[in-house]
Amino acid sequence: MAMWDRLKDQAKNLQQSQSGRGGGGQGHAPPGQGQRGGHAPGSSSGSGGSKAQLVGLLKSQLASVKTELKSGAYRDASMAMCALVAAADGYVEQAERQRVEELIVSNEVLQNFPADQLRQGFNRHVDRLVANFEQGKAEALREIAKAAKKPQEARAVVQTGIVVAGADGHFEHSEQQAIRDACAALGLAPAEFGI
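Just so it is clear, the structure is predicted and the values come from calculations on it, not from any experiment.

(A) Up close: the overall build of the protein. Across its full length, the protein holds eight helices and zero strands. Starting at the N terminus, the α and β elements of the protein follow one another as α-α-α-α-α-α-α-α. Counting all 195 residues of the protein, 45% fall into the buried class. Taking the intrachain contacts of the protein between residues at least 6 apart in sequence as the baseline, contacts between residues at least 24 apart amount to 80%. For the protein, the computed accessible surface area is about 9,100 Å², with 51% contributed by carbon and sulfur atoms.

(B) Quick look at the environment of Q111. Examined against the element boundaries, Q111 turns out to sit in the loop between helix 4 (94-106) and helix 5 (115-131). Look at Q111 and you get partly exposed, because its relative accessible area is 46%. In sequence terms Q111 and K70 are 41 residues apart; their C-alpha atoms lie 9.6 Å from each other. Every residue in contact with Q111, bar those within four places of it in the chain, is listed here: V105 and S106. A polar side-chain atom of Q111 sits 3.4 Å from the main-chain carbonyl oxygen of V105.

(C) Spotlight on the packing of aromatic side chains. Counting across every chain of the model gives one aromatic pair. Measuring from centroid to centroid gives 6.2 Å for Y74 and F113, while their planes differ by 35 degrees, and the two rings are tilted. Remark: F113 occurs in the loop between helix 4 and helix 5 and Y74 occurs in helix 3 (residues 72-86); sequence separation between them is 39 residues. The exposure class assigned to F113 is buried, which follows from its relative accessible area of 9%.

(D) Summary view of the nonpolar core. Among the nonpolar cores identified, the biggest contains 49 residues, and Y74, F122, I144, I162 and I179 are the most heavily contacted of them. For this core, the secondary-structure elements that each account for two or more residues are helix 2 (48-64), helix 3, helix 4, helix 5, helix 6 (133-145), helix 7 (151-165) and helix 8 (173-186). It is helix 3 that provides the largest number of residues to this core, a total of 10 residues. With near-sequence residues (within four places) excluded, I144 lies in contact with A77, A80, M81, L84, V157, A182, A185 and L186.

(E) Seen up close, the environment of A63. Here A63 is to be found in helix 2. When the C-alpha positions of A63 and L110 are compared, they lie 9.7 Å apart, and in sequence the two are 47 residues distant. Those residues in contact with A63, other than ones at most four positions away along the chain, are E108 and V109.

(F) Spatial organisation of the packing of helix 5 against helix 6. Viewed as axis vectors pointing N to C, helix 5 and helix 6 meet at an angle of 145 degrees, and their least axial separation amounts to 5 Å. Viewed along their axes, helix 5 and helix 6 form a crossing whose handedness is left-handed. Each of R124, H125, R128, L129 and A131 in helix 5 lies in contact with helix 6, whose residues at this interface are F133, G136, K137, E139, A140 and E143. Its residues assigned to classes, the contact of helix 5 with helix 6 shows four nonpolar, two polar and five charged.

(G) Spatial organisation of the pattern of salt bridges. Tallied over the entire structure, the rule returns nine salt bridges. Between R155 and E192 there is a salt bridge; the shortest N-O distance is 2.3 Å. You can see R155 sitting in helix 7 and its partner E192 sitting in the segment after helix 8, a full 37 residues away along the chain.

(H) Up close: the environment of G56. Position of G56 among the secondary structure elements: in helix 2. When the C-alpha positions of G56 and G166 are compared, they lie 9.8 Å apart, and in sequence the two are 110 residues distant.

(I) Focus on the packing of helix 6 against helix 8. It is at 8 Å that the axes of helix 6 and helix 8 come closest, and there the two elements cross at 50 degrees. Of the possible angle classes, the one that applies to helix 6 and helix 8 is oblique. Handedness of the helix 6/helix 8 crossing: right-handed. The residues of helix 8 that touch helix 6, namely those facing K137, L141, I144 and A145, are D181, A182, A185 and L186. For the contact of helix 6 with helix 8, the class distribution of residues is six nonpolar, no polar and two charged.

Calculation notes
Residues numbered from 1 in each chain as written. Predicted model: local features only at pLDDT ≥ 70, side-chain atom pairs only at ≥ 80, totals over all residues. Heavy atoms only, no water. Helix = DSSP H or I, 4+ residues; strand = E, 2+ residues; numbered from the N terminus. Buried < 20%, exposed > 50% of the residue type's maximum accessible area, 1.4 Å probe, protein only. Contact = heavy atoms within 4.5 Å. Areas by Shrake-Rupley, 256 points an atom, 1.4 Å probe, with all protein chains shown as cover. Polar contact = N/O pair within 3.5 Å; in protein donor to acceptor, adjacent residues only side chain to side chain. Phe/Tyr/Trp six-rings, centres within 6.5 Å; stacked < 30°, edge-to-face > 60°. Core = buried A, V, L, I, M, F, W, Y, C linked by side-chain atoms within 4.5 Å. Axes fitted to C-alpha atoms, helices over the stretch in contact; angles between N-to-C directions. Left-handed = near helix turned anticlockwise from the far one by under 90°. Nonpolar A, V, L, I, M, F, W, Y, C, P; charged D, E, K, R; others polar. Salt bridge = Lys/Arg side-chain N within 4 Å of Asp/Glu carboxyl O. Parallel < 35°, antiparallel > 145°, perpendicular 65-115°, else oblique.

In short, geometric facts, not functional conclusions.
Here it is, written out as structure tokens:
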């Protein structure tokens, strides 16, 4: 449970630092960045309630910075992130693709963008991942890395991925790995998101 408590504190701090001063609060990545998911192998077994709590928490965090998340870089990186999570286990069933599409177009923050732009971006990445997973993944991570210039956008991309991945109430190991890969591409510590 400590993971969720830590995340709640993190969210509080994040909101304080965002309300206090723009995107200046960069230099505080946790020290253990190089340990590649070294904690709690059982972390995916957190109860469904706390998972829903996390998703709700991240949704409200994203909503609080909605007005600042209007760039093409955030849009494209988020679609790459959602595709990476959807195809994390190497394939995507049509039903899963549609479910994620629905989540994307109904996401409050992503409503900053036209739904067809979002669908196109998401499906383009999913198609590449399905055709050639390694190559598609490399392309998705390149797209995600473009959001690294703005720390607030970089965090929002990862949060968007977690909201979409966690919407079904459980985090697959492969989904967590996709989110860790995205964190690495963005220079963020997965621990910051409880992963």
